[in-house]
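Close look at the chain arrangement
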Amino acid sequence: MSDAAAVIDRLPVLPRAVLYDWDNTLVDNWGTVRAALNHALVTFGHPAWTEEEARARIKQSMRDSFPRIFGERWTDARDLFYAYFEAHHLEHLRPLPGAESLLRGFAERGIYQAVVSNKTGRFLRAEADALGWTGYFGRLVGAQDAEFDKPHGAPVLMALEPADIPPGPDVWFVGDADIDMECAHGAGMVPVLIGAGEGSGFTRFPPAHRYDTCHALCGLVGSGGDTISDDQ
């Protein structure tokens, strides 16, 4: 067996649908997120977070995390964060290597794609528009678009609704953090990790597949794994 044939033989069956996290999965806007959060933290008398602290702690949506950080003044801190982020987030937005090729590869195979992010929905959709990626997605679901935010299953159902595909083993959730794997496990989807993995929850919510980069996963798509059909 050739090396190429051996690789294809190990490929998992491709999904009917793919849901993605956004930040640090498809795009890099990390510097702006951290700067906006530290602006709010320092304004309200908290120490700024280091790079390591921020990467470990910035996962949940604002409505889940800010009340714990800022207490009763969390809505004021939210407004500061939003003002700073809105002024700067498109300046520093960058696609991660291989991300657009990955999206194009799934699109060419007719696989439904959507986003489930804990970034505020209007910022998420503005960033997709700025990159020219909106057409790849059936829906872009951000924080506060659904009744609950990730890892709850509500945004998953909203993201899959246009395709009339239920969450299940023929749907992949691709993300970089343990909260993404938790979301996938909770909804019965296949958890796919991109990168080294951020967070301490991987023991409870392990990925089914791991890829170092979008480039690596893109190679799988281009190699021709079978796509799950409606009758499988």
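Residues numbered from 1 in each chain as written. Predicted model: local features only at pLDDT ≥ 70, side-chain atom pairs only at ≥ 80, totals over all residues. Heavy atoms only, no water.

An unreviewed UniProt entry lists the protein under the name phosphoglycolate phosphatase, from Azospirillum aestuarii. Under the UniProt heading Catalytic activity (unreviewed entry), the entry covering the protein gives this text: "2-phosphoglycolate + H2O = glycolate + phosphate". For the protein, the Sequence similarities (unreviewed entry) comment in UniProt is given as "Belongs to the HAD-like hydrolase superfamily. CbbY/CbbZ/Gph/YieH family." (UniProt positions renumbered as here; feature names shortened; annotations may be inferred.)

Under the definition given, this model contains 1 cavity of 30 Å³ or more. Of the voids in this model, the largest cavity is the one considered here, and its volume is about 530 Å³. If you trace the largest cavity, you find 31 residues lining it, with V33, I58, K59, Q60 and N118 closest to the centre. Counting only elements with at least two residues in the lining of the largest cavity, the list comes to α2 (30-43), α3 (51-57), α4 (62-70), α5 (74-88), β4 (112-120), β6 (171-177) and α9 (178-187). The class makeup of the residues in the lining of the largest cavity is 14 nonpolar, 7 polar and 10 charged. (1 Å grid on protein atoms, 1.4 Å probe; cavity = no way out; pocket = protein on both sides within 12 Å on 5 of 7 lines; lining within 4 Å. Points joined across faces, edges and corners; volume = space filled by probe spheres on them. Helix = DSSP H or I, 4+ residues; strand = E, 2+ residues; numbered from the N terminus. Nonpolar A, V, L, I, M, F, W, Y, C, P; charged D, E, K, R; others polar.)

Glancing now at the packing of α2 against α5. The geometry of α2 relative to α5 is characterised by a closest axis approach of 9 Å and an angle of 145° between their N-to-C directions. As for how α2 packs across α5, the hand of that crossing is right-handed. Contacts between α2 and α5 involve T32, V33, A35, A36, L37, H39, A40 and T43 on the former and, on the latter, A77, L80, F81, Y84, F85 and H88. Of the residues belonging to the contact of α2 with α5, the class tally is 10 nonpolar, 4 polar and no charged. (Axes fitted to C-alpha atoms, helices over the stretch in contact; angles between N-to-C directions. Left-handed = near helix turned anticlockwise from the far one by under 90°. Contact = heavy atoms within 4.5 Å.)

Approximately 240 Å³ is the volume attributed to the largest pocket. Lining the largest pocket are 15 residues, with N24, L96, I194, G195 and D212 sitting closest to its centre. Here the element with the most residues in the lining of the largest pocket is strand β7 (residues 190-198); it accounts for 5 residues. Within the lining of the largest pocket, the residues separate by chemical class into 5 nonpolar, 5 polar and 5 charged.

A few words now on α5. The α-helix winds at 3.6 residues per turn, so residues separated by three or four positions along the chain end up facing the same way. Helix length check: α5, at 15 residues, gives a terminal C-alpha distance of 21 Å against a target of 21 Å (1.5 Å per residue), a fit within 8%. Turning to α5, its buried residues are A77, F81, Y82 and F85. Down the axis of α5, the smallest arc covering the buried residues is 135°, so these residues share one side. Packing partners of the buried residues in α5 comprise α2, α4, β4 and α7 (121-131). (Expected span 1.5 Å × (residues − 1). Buried < 20%, exposed > 50% of the residue type's maximum accessible area, 1.4 Å probe, protein only. Arc of directions from axis to C-beta.)

A few words on the pattern of salt bridges. Inspection of the entire model under this criterion finds 12 salt bridges. Here D149 ties to R63 by a salt bridge, and the two come within 2.6 Å at their closest N and O atoms. Here the residue D149 occupies a position in the loop between β5 (139-143) and α8 (154-160), and R63 occupies one in helix α4, the gap between them amounting to 86 residues. When its relative accessible area of 27% is taken as the criterion, R63 is described as partly exposed. The partner of D79 in a salt bridge is R78, and the shortest N-O contact between them spans 3.2 Å. Residues joined by salt bridges that share partners form a network here, namely D21, K150 and D180. (Salt bridge = Lys/Arg side-chain N within 4 Å of Asp/Glu carboxyl O.)

Moving on: the pairing of β5. Burial analysis of β5 places 4 of its 5 residues in the buried class, which makes it a mostly covered element. Note that the unit made of β4, α7 and β5 has a crossover that is right-handed. (Right-handed = clockwise from strand over helix to strand, strands pointing away.)

Nonpolar side chains in soluble globular proteins tend to end up buried together. Y20, W22, L26 and F137 are the most contacted members of the largest nonpolar core, which totals 30 residues. Contributions of two or more residues to this core are made by β1 (17-20), α6 (99-108), α7, β6, β7 and α10 (214-223). Sorting elements by how many residues they give to this core places α10 first, with 5 residues. Ignoring sequence-local partners within four residues, the contact set of L26 consists of Y20, D21, P95, L96, A99, L103, W133, F137 and C214. In terms of nonpolar packing, the next biggest core, distinct from the first, is built from 17 residues, L41, A54, M62 and I69 among them. (Core = buried A, V, L, I, M, F, W, Y, C linked by side-chain atoms within 4.5 Å.)

Attention now goes to the packing of α5 against α7. With their axes 12 Å apart at the nearest point, α5 and α7 run at an angle of 5° to one another. Accordingly, the angle class assigned to the pair α5 and α7 is roughly parallel. Of α7, the residues touching α5 (which contributes Y82, F85 and E86) are R122, F123 and E127. When its residues are assigned to classes, the contact of α5 with α7 shows 3 nonpolar, no polar and 3 charged. (Parallel < 35°, antiparallel > 145°, perpendicular 65-115°, else oblique.)

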